[in-house]
Amino acid sequence: MDTLSKHERSTTALSLQKSQASVSYSYRSFMFVQPKRQRTRGVVIFTLIYQILFASIAIARSDYPALFQVVSLLVFSCVIFFAHKRLYYHINLLWFLSLWGALHLAGSIVVIPESWVINENPTKLHHLAMAGNWLEYIHLEYFYGFFLITWVCWQTLCSIILVRYQRRLMPTFGLLLLCGTSSLGCGAINLFIENIAQLLMLHSEGTIHHSIEWELAAGVAGAFSASLCIKLRNL
C-alpha cells in the first residue's frame with residue numbers, strides 16, 4: 001500500500017511538472033519571452049557598430065552633447081543586455097530597442113537643411129518637419145521609444161513572476177498602468193539627462209527643447225498604444 005501511494009505521488013508530481021512546463025511554454029510564446037538559448041550576437045554587433053560610428057562623428061564635430069547621448073545610450077544598452085541574461089527578453093524586442101537607439105542617435109547627430117525644420121530649431125534630424133509641420137521626427141521617435149519601454153516593463157514583470165512563482169500574469173488595468181507610468185518615468189529621466197547635458201556643455205545648438213510638452217504627449221500616446229496592444233493580445 002505504501003509502495004502504491006509513492007507511485008501515485010510520483011505520477012502526480014510528474015504530471016504536474018508537465019502541465020507547468022506546458023503553461024510556461026505557452027506563456028512564453030504568448031508574451032514573446034523566449035527560452036534561454038538565443039543568438040544575440042547579431043544585435044550586439046549592430047548596436048556597437050552604430051554607436052562607434054555616431055561617437056566618431058560627434059568627436060569629429062566636437063559635438064559633446066551628442067557624444068554624451070552616445071555614452072548614455074551605451075549605458076542603457078548594457079543595462080538591457082545584463083537584464084536579458086536573467087529575464088530572457090525576446091530577440092525581436094532587442095532588435096526593436098537597438099533600432100530605436102540608432103534612430104535616437106541619428107536624430108541628434110544627422111544634420112538637415114534649414115528649410116526642413118520648424119521655428120528656427122537646430123538643423124538636426126530630430127527637428128525634421130513632418131505631416132505639414134504638425135509633427136517632428138522627434139515626436140515619432142518618442143512614440144516609438146515609449147512604446148518599447150512599456151513593452152520592456154511588461155516583459156520584465158511577467159518574467160519575474162513566472163520565474164519566481166510559476167504564475168502567468170494577465171494584462172489587467174492596474175498592471176498596464178504600472179508599466180505605462182514606468183515607461184513615462186524612464187522617458188522623463190531621458191529628457192532630464194539630455195537637457196542637463198545641453199545646459200552644462202553650453203553647446204551652440206544645445207538649447208532646451210521648446211516643444212517638450214509635445215514630446216511628452218507623444219510618449220504618453222506610445223505608452224498607451226503599447227498597453228492597448230498588450231491587452232488586445234490577451235483577448
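Residues numbered from 1 in each chain as written. Predicted model: local features only at pLDDT ≥ 70, side-chain atom pairs only at ≥ 80, totals over all residues. Heavy atoms only, no water.

Asks: Which residues make up the environment of Val-111, and what values go with them?
Replies: Tracing the chain through its elements places Val-111 in the loop between helix H4 (91–109) and strand S1 (129–130). The exposure class of Val-111 is partly exposed, given its relative accessible area of 46%. Distance in space between the C-alpha atoms of Val-111 and Leu-128 is 9.7 Å, their sequence separation being 17 residues. For Val-111, the residues in contact, after removing those within four places along its chain, are Arg-61, Thr-123 and Lys-124. (Helix = DSSP H or I, 4+ residues; strand = E, 2+ residues; numbered from the N terminus. Buried < 20%, exposed > 50% of the residue type's maximum accessible area, 1.4 Å probe, protein only. Contact = heavy atoms within 4.5 Å.)

Asks: Outline the packing of aromatic side chains, listing residues and values.
Replies: Summed over the entire model, instances satisfying the criterion amount to 7 aromatic pairs. Pairwise contacts between aromatic rings join Phe-46, Tyr-50, Phe-54 and Trp-95 into one cluster. (Phe/Tyr/Trp six-rings, centres within 6.5 Å; stacked < 30°, edge-to-face > 60°.)

Asks: An account of unusual backbone geometry is requested, with residue identities and associated values reported.
Replies: Even without being a glycine, Tyr-88 presents a positive backbone phi close to 60 degrees. Examined against the element boundaries, Tyr-88 turns out to sit in the loop between helix H3 (64–87) and H4. Look at Tyr-88 and you get buried, because its relative accessible area is 16%.

Asks: So, the environment of Asn-190: which residues are in play, and what are the values?
Replies: By the element assignment, Asn-190 lies in helix H6 (residues 173–201). Residue classification places Asn-190 among the partly exposed residues on the basis of a relative accessible area of 23%. Expressed as a C-alpha distance, the spacing of Asn-190 and Leu-73, which sit 117 residues apart in the sequence, is 9.8 Å. Every residue in contact with Asn-190, bar those within four places of it in the chain, is listed here: His-104 and Tyr-142.

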